Amino acid sequence: MIPGIILAAGKSSRMGRTKALLPISTNETFLDRVMRTLRDAGVEEIVVVVGADAAAVREAVERSKTRARVVENPDYEQGQLSSLVAGLKTIDRPGVTAALFTLIDVPLVSPATVRTLLQEFRAGSALVVRPASKGRHGHPVIFDRALFDEFRNGNPAEGAKGVIRAYSAEQLNLEVDDEGAFTDIDTVEDYKRLIDLT
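Predicted model only: the values in this text are computed from it and were never measured.

Q: Can you tell me about the overall build of the protein chain, naming the residues and giving the values?
A: A count of helices and strands for the protein chain gives seven helices and 10 strands. Taking 2.2 N^0.38 as the reference for a compact globule, 198 residues should give roughly 16 Å; the C-alpha atoms of the protein chain span a radius of gyration of 16 Å, in line with that estimate. Dimensions of the protein chain, computed from the C-alpha atoms along their principal axes, are close to 45 × 35 × 30 Å. Each of the 198 residues in the protein chain was classed as buried or not, and the buried ones make up 54%. At a minimum sequence separation of 6, the contacts of the protein chain that also span at least 24 residues come to 71%. Counting every atom, the protein chain has about 9700 Å² of accessible surface; 46% of that belongs to carbon and sulfur.

Here's what the structure looks like:
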């Protein structure tokens, strides 16, 4: 099994509002979309890691049509790696062969891309599989359980990138034609430009 971990614990300081709760369409938030994308791609277990605005995000998960577990990261101010580690703590058990993680900031990736990444991971021997396009790397990222301890012991200042960089020889950067996998919505300007709700 490859559970999915959605990192949604940040303060969204550049956005000024909790990104997980921002509308992406008339009836969906970023959180709804990311959870639905993972479910539609065949991810059976979804964990949402919360921190800032935890109560509101937890409530949104409970209201959602997509089943997911909520994990609170009390150390979310230490950065994304602390949230990934909180997610790993929740999903790590016998039968889990790898983990997929993605950011709440990247809500436009398609289910087809996620499905393809999962298929490639299962079919190959790479320790890390992630989307790539023209030298860019995107989300979600899938990594083998052999790396779980590497992330747990990683440098918070480097985040997950430090571990992924250390295993560059054992990773598959899968070329995908899906701009959503590389679209990081961090600011109000990004949101207005990319999400047109008019």
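Q: If you had to explain the layout of surface pockets to someone new, which residues and values would you point to?
A: If a probe the size of a water molecule is rolled over the atoms, the empty space left behind becomes visible. By volume, the second largest pocket amounts to about 210 Å³. As for the second largest pocket, its lining consists of Asn27, Glu28, Asp32, Arg36, Arg39, Ser64, Lys65 and Thr66. The element contributing the most residues to the lining of the second largest pocket is helix α1 (residues 30-40), with three residues. Looking at the lining of the second largest pocket, its residues break down into no nonpolar, three polar and five charged.

Q: Can you break down the pairing of strand β9 (residues 141-144) residue by residue, with the values?
A: In this structure, strand β6 (residues 98-103) lies alongside β9, joined through four bridges in antiparallel fashion. Paired with Phe101 across the two strands is Val141, which belongs to β9. With two bridges joining them, strand β7 (residues 128-133) and β9 adopt antiparallel strand pairing. Residue pairing in the sheet places Val129 in a bridge with Ile142 of β9.

Q: Before we move on, could you go through the side chain of Ser83 and cite the residues and values that matter?
A: In this fold, Ser83 is placed in helix α3 (residues 80-91). Sequence-distant contacts of Ser83, defined by excluding residues within four places in its chain, comprise Leu7, Ala9, Val49, Asn73 and Tyr76.

Q: Tell me about the pattern of salt bridges, and name the residues and values.
A: Under the definition given, this model contains 14 salt bridges. Of the charged contacts, one joins Asp40 and Arg39 as a salt bridge, the two residues approaching to 3.1 Å between their closest N and O atoms. By sharing partners, the salt bridges in this structure join Glu28, Arg33, Arg36, Arg39 and Asp40 into a single network.

Q: Account for the nonpolar core, naming residues and giving values.
A: The biggest cluster of nonpolar side chains holds 39 residues, and the ones touching the most others in it are Ile6, Leu31, Val48, Leu100, Ile104 and Ile142. Taken together, the elements giving at least two residues each to this core come down to β1 (4-8), α1, β4 (46-50), α2 (54-63), β6 and α4 (111-123). Element by element, the count of residues in this core is highest for α1, at five residues. Beyond its immediate sequence surroundings of up to four residues, Leu31 is in contact with Ala20, Val48, Val57, Ala60, Val61 and Ile104. In terms of nonpolar packing, the next biggest core, distinct from the first, is built from 26 residues, Ile5, Val85, Val141 and Phe148 among them.

Q: So what's going on with the packing of aromatic side chains? Which residues, and what values?
A: Counted by the stated rule, this structure contains three aromatic pairs. Geometrically, the ring pair formed by Phe143 and Phe148 is edge-to-face, given 5.7 Å between the ring centres and 75° between the ring planes. Both residues of the pair, Phe143 and Phe148, belong to the buried class. An aromatic cluster of at least three residues, connected via ring pairs, comprises Phe101, Phe143, Phe148 and Phe151. Residue placement shows Arg136 over the ring face of Phe182; its charged tip is 4.6 Å from the ring centre.

The rules we used
- Residues numbered from 1 in each chain as written.
- Predicted model: local features only at pLDDT ≥ 70, side-chain atom pairs only at ≥ 80, totals over all residues.
- Heavy atoms only, no water.
- Helix = DSSP H or I, 4+ residues; strand = E, 2+ residues; numbered from the N terminus.
- Rg over C-alpha atoms; globule rule 2.2 N^0.38 Å.
- Buried < 20%, exposed > 50% of the residue type's maximum accessible area, 1.4 Å probe, protein only.
- Contact = heavy atoms within 4.5 Å.
- Areas by Shrake-Rupley, 256 points an atom, 1.4 Å probe, with all protein chains shown as cover.
- 1 Å grid on protein atoms, 1.4 Å probe; cavity = no way out; pocket = protein on both sides within 12 Å on 5 of 7 lines; lining within 4 Å.
- Points joined across faces, edges and corners; volume = space filled by probe spheres on them.
- Nonpolar A, V, L, I, M, F, W, Y, C, P; charged D, E, K, R; others polar.
- Pairing = 2+ DSSP bridges.
- Salt bridge = Lys/Arg side-chain N within 4 Å of Asp/Glu carboxyl O.
- Core = buried A, V, L, I, M, F, W, Y, C linked by side-chain atoms within 4.5 Å.
- Phe/Tyr/Trp six-rings, centres within 6.5 Å; stacked < 30°, edge-to-face > 60°.
- Lys NZ or Arg CZ within 6 Å of the ring centre and 35° of its normal.

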